[in-house]
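So the chains spell out like this:
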Amino acid sequence: MTLSKKVVLIGHFGVGKTSLFRRFIENEFSEEYKVTLGVQIKKKAIQLSDGRELSMIIWDTEGHSNSVEDTRKSYLLGSHAFVYVFDLTRDDSFRNLNIDLEYLKETYPKVTIKVIGNKLDLVNEKEAILHLKEKNISFDYLTSAKTNKNIENFFSDLAEKITE
(Lines give C-alpha, C1' and ligand atoms only; values in the text may rest on other atoms or scores of the structure.)
Protein backbone atom coordinates (compact mmCIF):
# COMPACT_ATOMS: atom_id res chain seq x y z
CA MET A 1 0.00 0.00 0.00
CA THR A 2 1.32 3.43 -0.98
CA LEU A 3 1.28 6.15 1.64
CA SER A 4 0.16 9.61 0.58
CA LYS A 5 1.21 12.87 2.31
CA LYS A 6 0.47 16.53 1.54
CA VAL A 7 3.38 18.97 1.67
CA VAL A 8 2.82 22.72 1.22
CA LEU A 9 5.56 25.13 0.14
CA ILE A 10 5.05 28.58 1.65
CA GLY A 11 7.01 31.82 1.82
CA HIS A 12 7.39 35.23 0.26
CA PHE A 13 7.12 35.79 -3.48
CA GLY A 14 10.32 35.28 -5.45
CA VAL A 15 12.10 33.03 -2.92
CA GLY A 16 12.24 30.05 -5.28
CA LYS A 17 9.31 27.88 -4.18
CA THR A 18 8.37 27.07 -7.77
CA SER A 19 12.01 26.46 -8.70
CA LEU A 20 12.37 24.01 -5.79
CA PHE A 21 9.09 22.39 -6.80
CA ARG A 22 10.14 21.97 -10.44
CA ARG A 23 13.66 20.83 -9.54
CA PHE A 24 12.38 18.13 -7.21
CA ILE A 25 9.40 16.94 -9.29
CA GLU A 26 10.80 17.28 -12.82
CA ASN A 27 14.55 17.79 -12.24
CA GLU A 28 14.32 21.04 -14.23
CA PHE A 29 15.35 24.63 -13.57
CA SER A 30 14.51 27.79 -15.47
CA GLU A 31 15.98 31.28 -15.08
CA GLU A 32 12.59 32.67 -16.13
CA TYR A 33 10.59 34.05 -13.24
CA LYS A 34 6.89 33.25 -13.37
CA VAL A 35 4.58 34.30 -10.58
CA THR A 36 2.52 31.45 -9.15
CA LEU A 37 -1.15 32.36 -9.10
CA GLY A 38 -3.12 30.36 -6.56
CA VAL A 39 -1.56 26.95 -6.19
CA GLN A 40 0.11 24.33 -8.37
CA ILE A 41 -0.10 20.70 -7.26
CA LYS A 42 2.01 17.74 -8.37
CA LYS A 43 3.07 14.48 -6.82
CA LYS A 44 6.20 12.39 -6.74
CA ALA A 45 6.77 8.86 -5.50
CA ILE A 46 9.60 8.46 -3.01
CA GLN A 47 11.12 5.20 -1.80
CA LEU A 48 11.44 5.24 1.98
CA SER A 49 14.36 3.64 3.83
CA ASP A 50 12.10 0.82 5.08
CA GLY A 51 11.04 -0.10 1.53
CA ARG A 52 7.62 1.54 1.61
CA GLU A 53 6.65 4.01 -1.08
CA LEU A 54 5.40 7.51 -0.33
CA SER A 55 3.35 9.56 -2.75
CA MET A 56 4.37 13.09 -1.81
CA ILE A 57 1.71 15.54 -2.97
CA ILE A 58 3.38 18.94 -3.12
CA TRP A 59 1.44 22.18 -3.17
CA ASP A 60 3.39 25.15 -4.55
CA THR A 61 1.50 28.18 -3.22
CA GLU A 62 1.53 31.76 -4.39
CA GLY A 63 3.95 33.96 -2.51
CA HIS A 64 2.88 36.47 0.09
CA SER A 65 4.52 39.73 1.07
CA ASN A 66 3.60 40.16 4.71
CA SER A 67 3.05 36.96 6.66
CA VAL A 68 2.09 33.33 6.28
CA GLU A 69 -1.36 34.28 7.56
CA ASP A 70 -1.98 35.71 4.07
CA THR A 71 -1.83 32.17 2.65
CA ARG A 72 -5.29 30.80 1.92
CA LYS A 73 -6.42 28.52 4.73
CA SER A 74 -7.82 26.01 2.22
CA TYR A 75 -4.26 25.43 0.93
CA LEU A 76 -3.00 24.62 4.42
CA LEU A 77 -5.78 22.34 5.66
CA GLY A 78 -4.97 18.62 5.70
CA SER A 79 -1.22 19.18 5.40
CA HIS A 80 1.33 16.79 6.80
CA ALA A 81 4.22 19.24 6.34
CA PHE A 82 4.87 22.91 5.69
CA VAL A 83 8.10 23.88 3.99
CA TYR A 84 8.83 27.54 4.68
CA VAL A 85 11.18 28.82 1.98
CA PHE A 86 13.18 32.03 2.23
CA ASP A 87 15.71 33.69 -0.07
CA LEU A 88 19.26 33.81 1.27
CA THR A 89 19.88 37.00 -0.72
CA ARG A 90 16.88 38.94 0.64
CA ASP A 91 16.56 39.63 4.38
CA ASP A 92 12.98 40.81 3.86
CA SER A 93 12.04 37.24 2.88
CA PHE A 94 12.81 36.02 6.41
CA ARG A 95 12.11 39.13 8.45
CA ASN A 96 8.86 37.63 9.82
CA LEU A 97 10.06 34.03 9.84
CA ASN A 98 9.88 33.46 13.60
CA ILE A 99 6.42 35.08 13.82
CA ASP A 100 5.22 33.01 10.85
CA LEU A 101 6.56 29.79 12.35
CA GLU A 102 4.92 30.53 15.68
CA TYR A 103 1.59 31.11 13.90
CA LEU A 104 1.92 27.79 12.03
CA LYS A 105 2.84 25.89 15.20
CA GLU A 106 -0.10 27.31 17.12
CA THR A 107 -2.65 26.97 14.32
CA TYR A 108 -1.50 23.58 12.96
CA PRO A 109 0.20 21.87 15.94
CA LYS A 110 0.33 18.39 14.38
CA VAL A 111 1.97 19.48 11.10
CA THR A 112 5.72 19.04 10.58
CA ILE A 113 7.41 22.35 9.75
CA LYS A 114 10.74 22.63 7.95
CA VAL A 115 12.64 25.76 6.93
CA ILE A 116 14.76 26.11 3.79
CA GLY A 117 17.09 28.96 2.86
CA ASN A 118 17.19 28.88 -0.95
CA LYS A 119 19.50 30.38 -3.61
CA LEU A 120 22.67 29.07 -2.00
CA ASP A 121 24.37 29.37 -5.41
CA LEU A 122 24.25 33.18 -5.04
CA VAL A 123 25.97 33.48 -1.63
CA ASN A 124 28.96 32.23 0.28
CA GLU A 125 27.62 29.40 2.46
CA LYS A 126 29.74 30.13 5.54
CA GLU A 127 28.92 33.85 5.42
CA ALA A 128 25.23 33.08 4.92
CA ILE A 129 25.18 30.79 7.98
CA LEU A 130 26.88 33.46 10.12
CA HIS A 131 24.42 36.09 8.88
CA LEU A 132 21.43 33.88 9.71
CA LYS A 133 22.82 33.16 13.19
CA GLU A 134 23.25 36.90 13.78
CA LYS A 135 19.61 37.41 12.78
CA ASN A 136 18.49 34.49 15.01
CA ILE A 137 17.14 32.55 12.03
CA SER A 138 16.98 28.77 12.39
CA PHE A 139 16.80 26.59 9.29
CA ASP A 140 16.83 22.93 8.37
CA TYR A 141 18.57 23.11 5.01
CA LEU A 142 20.27 25.56 2.70
CA THR A 143 19.48 24.72 -0.92
CA SER A 144 19.94 25.80 -4.49
CA ALA A 145 17.22 24.90 -6.95
CA LYS A 146 19.54 26.08 -9.72
CA THR A 147 22.43 23.72 -8.90
CA ASN A 148 20.22 21.06 -7.26
CA LYS A 149 22.23 21.33 -4.02
CA ASN A 150 20.53 19.57 -1.09
CA ILE A 151 17.14 19.26 -2.85
CA GLU A 152 16.98 15.45 -2.93
CA ASN A 153 18.47 15.16 0.57
CA PHE A 154 15.93 17.59 1.97
CA PHE A 155 12.88 15.91 0.44
CA SER A 156 14.16 12.42 1.37
CA ASP A 157 14.64 13.51 4.99
CA LEU A 158 11.23 15.17 4.98
CA ALA A 159 9.60 12.00 3.62
CA GLU A 160 11.14 9.94 6.42
CA LYS A 161 10.05 12.49 9.05
CA ILE A 162 6.38 12.68 7.96
CA THR A 163 6.03 8.89 7.79
CA GLU A 164 7.46 8.15 11.26
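Right, let's walk through the structure included here. (Residues numbered from 1 in each chain as written. Predicted model: local features only at pLDDT ≥ 70, side-chain atom pairs only at ≥ 80, totals over all residues. Heavy atoms only, no water.)

Turning next to helix H5 (residues 151-162). Here H5 contains 12 residues, and its C-alpha end-to-end distance of 17 Å stays within 8% of the 16 Å for a straight helix at 1.5 Å per residue. For H5, the full list of buried residues reads Ile151, Phe154, Phe155, Leu158, Ala159 and Ile162. The arc that holds every buried residue of H5, seen down its axis, measures 135°, which confines them to one face. (Helix = DSSP H or I, 4+ residues; strand = E, 2+ residues; numbered from the N terminus. Expected span 1.5 Å × (residues − 1). Buried < 20%, exposed > 50% of the residue type's maximum accessible area, 1.4 Å probe, protein only. Arc of directions from axis to C-beta.)

Attention shifts here to the pairing of strand E5 (residues 112-118). On a regular strand, one side chain projects to one face of the sheet and the next to the other, so that they alternate. Burial analysis of E5 places six of its seven residues in the buried class, the great majority of the element. Bridge analysis of strand E4 (residues 81-87) against E5 gives seven bridges, and the strand direction is parallel. Bridged to Ala81 within E5 is Thr112. The parallel pair E4 and E5, bridged by helix H3 (residues 97-107), forms a crossover whose chirality is right-handed. (Pairing = 2+ DSSP bridges. Right-handed = clockwise from strand over helix to strand, strands pointing away.)

Contact geometry of helix H1 (residues 17-26) with H5 gives a least axis separation of 10 Å together with a crossing angle of 80°. One way to sum up the angle between H1 and H5 is to call them roughly perpendicular. Of the residues in H5, those in contact with Leu20, Arg23 and Phe24 of H1 are Ile151, Glu152 and Phe155. Across the contact of H1 with H5, the residue classes break down as four nonpolar, no polar and two charged. (Axes fitted to C-alpha atoms, helices over the stretch in contact; angles between N-to-C directions. Parallel < 35°, antiparallel > 145°, perpendicular 65-115°, else oblique. Contact = heavy atoms within 4.5 Å. Nonpolar A, V, L, I, M, F, W, Y, C, P; charged D, E, K, R; others polar.)

Time to look at the pairing of E4. In terms of burial, E4 is a largely internal element, seven of the seven residues being buried. Neither face of E4 is open: one carries Ala81, Val83, Val85 and Asp87, the other Phe82, Tyr84 and Phe86, and all of them are buried. By the bridge criterion, four bridges tie strand E1 (residues 3-10) to E4 in an arrangement that is parallel. When the sheet's bridge partners are listed, Ile10 is paired in E4 with Tyr84.

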